[in-house]
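A look at the structure
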Amino acid sequence: MIATPYSSAQQRSRFVWLMSIQAVLVVVLLIASTLLTFGMNRLSARDASLLSYRVRLNDVHIALLALHNNLRGYTTTGSEIFYDEIQKQHAIVAEGLDVLALNPPDPSLPQVVQQIREWLTNTYQPVLDSVAKQDLLLAELTLEQGRPQIEAVIDTTSTLRIQLRERSDGYRAQIDTYNWIKFASIGLLSALIVVSMLVTLRFWRTQQHLIHEIEDKGSQLLQSNHELSFNTNQLSIINSILGVRINESRVLREISDYLVTNPTPAEAYTFVAQTVGNVLNTWCSIALRFPPPREEFLDVLASYHALPSRQAYIDQMVQSVQFRIDNGLYSPIFTERAQVVELFNVPAEQRHPNYLTSEVREHLEPFTLYSYLAVPIKIQDEAVGMISAASDSPERLLDHDQTLFVRQVADRLAAWLENIQLFYLLKQQANELQTSFDSIDDIVVAYDSRGHQTRINEAGLQFFAGRHFDFLSTTLVWRTAKGNVLGFDEHPVQQALAGTTVRDVEVALARSDGVPIIHEVSVSPLRSGDGIIEGIVLVARDLTARKELDRLKEELVANMSHELRTPLTAILGYSELLLKRRTEVLTPWHTTKIDGIRTGGQRLLSLVNDLLDIAKLDAGRIELQRQTTLINSLLEEQVSMLQTMIREKNQTLILQLSDDLPLLMIDPERIGQAVTNLLSNAIKFTPEHGTITLASAALNINEQGQVEWLAQALDTEVPPMLAGQYVLIQVNDNGVGVPTEALLKLWDRFYQVEGGSTRRFGGTGLGLSIVQQLVELHGGRTWASSAGENQGSSFTIMLPASRGTQLARLNQGVRRTILVIENDQHLALQLEEQLNSAGFEVIVAADRHSALAWAKQHSPAAITLDLVMPNSESWETLAALREIDHLAQVPVLIASDASLYNELPGVGVSTYVVKPIDSNILIRIIRQLLGVQTQSGFILVVDDDYDMAELLCATLQEHGYLTQASYDGAAALDLIQQGNYPQLILLDLMMPVVDGFQLLERLRANPETRNIPVIIVTARDLTNDEIRQLRQAAQAIQTKHTLSMRKLVAEVQRFAPLKESDTP
Amino acid sequence: MNKPVFLLVEDDPYNRDILREILEDYADCEIVETTNGREALNWLLDQSKLPNLILLDMMMPEMDGFEFLRHLGNHPQHDQLRVAGVSARAHSHDRDRALQAGCWRYLTKPFDIHEIESTIAAALTN
């Protein structure tokens, strides 16, 4: 372009004019441009800040929605899954609030922030706290209360968002206006440039600089214009993304809301698939793995396409394909534990899924996979299924944001699924359990650790007839089959709660009509996964039928044995008769044959006897008649009965009896039988002129299981036993011995070391089995040892020593006076002398009348009664003595002939001594009998609740105490005033007539009883004044609500310690 | 001096026979044999004289030993009657039961001749 030349002046004036116009224009444009730039910058800055607040507000808004939703989920399920989400959302809210509080672009923002913070304080935090305390109900209530508040907040944020958007729109409108002006100014500038160029052509050199300047400005303007429009574009993109996100968050909320309405699984899957499909505008399907054994396959539970026209293909495919977890685009989820499978642009070769058969593929030709994503549904970190979305349109490609959305859906579905699975599983298990429970005839009851019944079966319901069988209340009192109350420590429930399984305890459970029915009860602890005892389960089997069966069996055996004995009586009787007269009528030939008949008959008889014993032992119907027994006397008796046999074989029997053995509480008849059995075996298996040794010894096993011999030590291995004192009886012989491998089998029924031994030595093969069972019935053990064949053998019986059993009741009257009823003056004098020297005072009564006359006026510590024969007079004396009230509990010793031993009754007699009386034994027995009163503690239990009193007594007895129960204060007072000073009193406060307070007052007023320790055991809620008052008078206070037997026993032991026995 | 009289109450003929033999061996005596409690009672009620000892089987048909002892309680001179129970039941509680029912002694089957003889001796001396 060539400029037209102008005249200089003209040009100059023109130029000046132009230049001035130009200058004016330039100035105007410069000002305008500066103003515009400044204005736009401000607007942009404002808009940008507004935008950041909007984004933040949106975040907070969405987070609040999600937070509230998750809180609802959390309060409904208590699931950790929700809690994590809550933490996440809360962090977003908290961060957002901090930002929103700084330089808010809108005056209402601080108010919103304040509102949200209030909600967080008033509702959110209490809800979390409640759930943490597992009080879901309270959490729900709190959440419900906070609902108006959060709705108001959400409304406000919504409104504010709209306001902010409007403002933003306003800004953009203004920016648009500015833009327009800018365009205008650019047009103007362009014109100016044209003019300038014309001028510049002429005044190129002088004006070149100016033109450049103007051009620069123009290009700058253009650039800012570009930037502006770019900003605007971005803004609208962000806006649309925000819209999508808000939509997704709404959908998530909808899904959450739907899932808490307890839909059926099918409904839930369909809903979720539809919702996700619609949001993504694609095909969405939900599949779970089949339960085993088909866990390799996926079960497509819902499949939905946003385009209804495609639905048919999809349905067709789902029906016709078996989806393996390891074959398909989704397989990394299951095979590699992938968190996600994203194929947003499916390669052309994969567009037709290869897991489809060609037939299906053909059929599904219209379906072409362009974009695919799948996320796992995870329960406990294991992919149990997946949600997949597939797009069959190149226009709708999926992206990562959508993956994130689907993953959130999958998480919610997983949480719900876990709950519902657990729920169905529990329900099913509960049903199965209850069904199997109910089909059992035994009573099955489960309790939690606080004693609440948690489960009971049909048999239990029927037995207890709806009575709540609460073991922590009165039913804690259980009686054994014989009617004794079980003590606390041996109580199966307590043992189970302490972690021990107790099996097959026979107790009488009261049926709904009050009738006690003998049950075999087993109680086991129920442990949680980490081993904590959460409760117990109790199984009780009605033994009525079995008892009846046992009884019938025993009756049968008893009858059979009777029937067998009758003909045996004839066989043995006639042989005896014949043998007795052999010199008169029989030849030696006859004698040997008849002797054969007698021997055979006797063996048959012992077999019958043994069988009867075995049957009784099996039926558990041998009842031990325990009495205090001096074992050495018993052993001597057995030996004397076998003397004939020993003499016949010219054997030597050596007695090695230890002195000072502890007393035994045993059935002398049964232990005697066991010893006789061992002895006769020894005689049988020891050759003529052999030696048999019978030894007795005692030992102590301490808590560490170490054995300490108390007197002489026996050469034997003592098996592990509970700590305590034991008495050992050992029979040694130097006979045929026992091979090592037979030592244990010896005790089996019908076991014989060698096949021929029965014939050679006689015997039924039942003897040792009976010995073992009898000893075990006493809580003892048996064992055998042998150095080898023909080296002899050794059989040992080990019996627990009696510990503080109730030999005698306390009677303080005239202490240590012995009434000796003895008509033999010589013997009486001798006894008096010996007892005197042992420190006893002795009163001798020569006959019944003088004895009774004296005894009525005095209280002897013990009575000895001579029994020449079990004739009526002696028994009458005993009975008459027992009828005198204050003598009812005084120990009575019967001195009698060993030959009469079996004739003696067990009733009313404390123990027997065998004549001729060994004064040392007598003194020892008397000391032991009396010793119990002073050496072991005597505890008085005063409680009007009969069961409670018995429970306390039984428990204390287990710990070696003597106990006496009084059921009201007056009776207790009477007992004490008679001189029975207990070592300690357990006292209930609430009793009729004389209550605990009064009793305590009376005790403390009397100098003799002032120092008896008292432990209060009460169900009463004590006032502070009462506690203060009682603390001064009593040693300890235990309330029944929180009664711990162990603690109580510990306190009793503290205030009334048991002394070591002073006799060895 | 009159011959001592023994009343045998026993259903089993062989056992009865053995008891009779033992008694006869021991003393020159009169032995009355009955096979159950009823027969024995009838005999006792017909008699003016009392037997020195009744040997009573506890288990018999028709009327057993226990029932016999209950009826015997009504006998005008029952406190002068001595009954030795005889039974195949050898356990101590069977013995206790018999003694409680009124037996003076208790003998178990099969017989121990010495035991029976000492019982006879005791009955005759007292």
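Conventions we followed
Residues numbered from 1 in each chain as written. Chains lettered and ligands numbered in written order. Predicted model: local features only at pLDDT ≥ 70, side-chain atom pairs only at ≥ 80, totals over all residues. Heavy atoms only, no water. Salt bridge = Lys/Arg side-chain N within 4 Å of Asp/Glu carboxyl O. Helix = DSSP H or I, 4+ residues; strand = E, 2+ residues; numbered from the N terminus. Buried < 20%, exposed > 50% of the residue type's maximum accessible area, 1.4 Å probe, protein only. Contact = heavy atoms within 4.5 Å. Buried area = accessible area lost by both parts, 1.4 Å probe. Polar contact = N/O pair within 3.5 Å; in protein donor to acceptor, adjacent residues only side chain to side chain. Phe/Tyr/Trp six-rings, centres within 6.5 Å; stacked < 30°, edge-to-face > 60°. Lys NZ or Arg CZ within 6 Å of the ring centre and 35° of its normal. Axes fitted to C-alpha atoms, helices over the stretch in contact; angles between N-to-C directions. Parallel < 35°, antiparallel > 145°, perpendicular 65-115°, else oblique. Left-handed = near helix turned anticlockwise from the far one by under 90°. Nonpolar A, V, L, I, M, F, W, Y, C, P; charged D, E, K, R; others polar.

1. Let's talk about the pattern of salt bridges
A full pass over the atoms with the stated rule returns 28 salt bridges over all chains. Between A:Asp257 and A:Arg72 there is a salt bridge, and its shortest N-O distance comes to 3.3 Å. Within this pair, whereas A:Asp257 is found in helix 6 (residues 204-259), its partner A:Arg72 is found in helix 1 (residues 8-77), the two being separated by 185 residues in sequence. For A:Arg72, a relative accessible area of 29% puts it in the partly exposed group. The salt bridge partner of A:Asp381 is A:Arg337, with a shortest N-O separation of 3.3 Å. Linking A:Asp381 in the loop between strand 5 (371-379) and strand 6 (382-391) with A:Arg337 in the loop between helix 9 (331-335) and strand 4 (341-343), this pair joins segments that are 44 residues apart in sequence. Residues joined in a network through salt bridges with shared partners are B:Arg16, B:Asp17, B:Arg20, B:Glu24 and B:Glu33.

2. Examining the interface of chain A and chain B
Listed by partner, the interface residues are 21 residues for chain A and 22 residues for chain B. The junction of chain A with chain B conceals about 2100 Å² of combined surface from both sides, 54% of it contributed by carbon and sulfur atoms. By the criterion of area lost to chain B, the three top residues of chain A are A:His562, A:Thr569 and A:Tyr574, representing 25% of everything that side buries. At the surface where chain A touches chain B, the tally comes to zero salt bridges. At the surface where chain A touches chain B, the tally comes to five residue pairs in polar contact (both at pLDDT 80 or more). Broken down by secondary-structure element, the contributors of at least two residues to the side of chain A that touches chain B are helix 14 (544-580), helix 16 (588-618) and helix 18 (668-685) of chain A.

3. As for the packing of aromatic side chains
As enumerated under the stated definition, the model contains seven aromatic pairs over all chains in all. When the ring centre of B:Phe66 is taken as reference, the NZ or CZ atom of B:Arg97 above it lies at 4.1 Å.

4. Focus: the packing of helix 14 of chain A against helix 1 (residues 13-26) of chain B
Between helix 14 of chain A and helix 1 of chain B, the least distance of the axes is 9 Å, while the angle of their chain directions is 30°. Taken together, the axes of helix 14 of chain A and helix 1 of chain B are roughly parallel relative to one another. Taken as a pair, helix 14 of chain A and helix 1 of chain B cross one another with a handedness that is left-handed. Contacts between helix 14 of chain A and helix 1 of chain B involve A:Thr566, A:Thr569, A:Ala570, A:Gly573, A:Tyr574, A:Leu577 and A:Lys580 on the former and, on the latter, B:Tyr14, B:Asn15, B:Asp17, B:Ile18, B:Glu21, B:Ile22 and B:Asp25. Taken together, the residues of the contact of helix 14 of chain A with helix 1 of chain B sort by class into six nonpolar, four polar and four charged.

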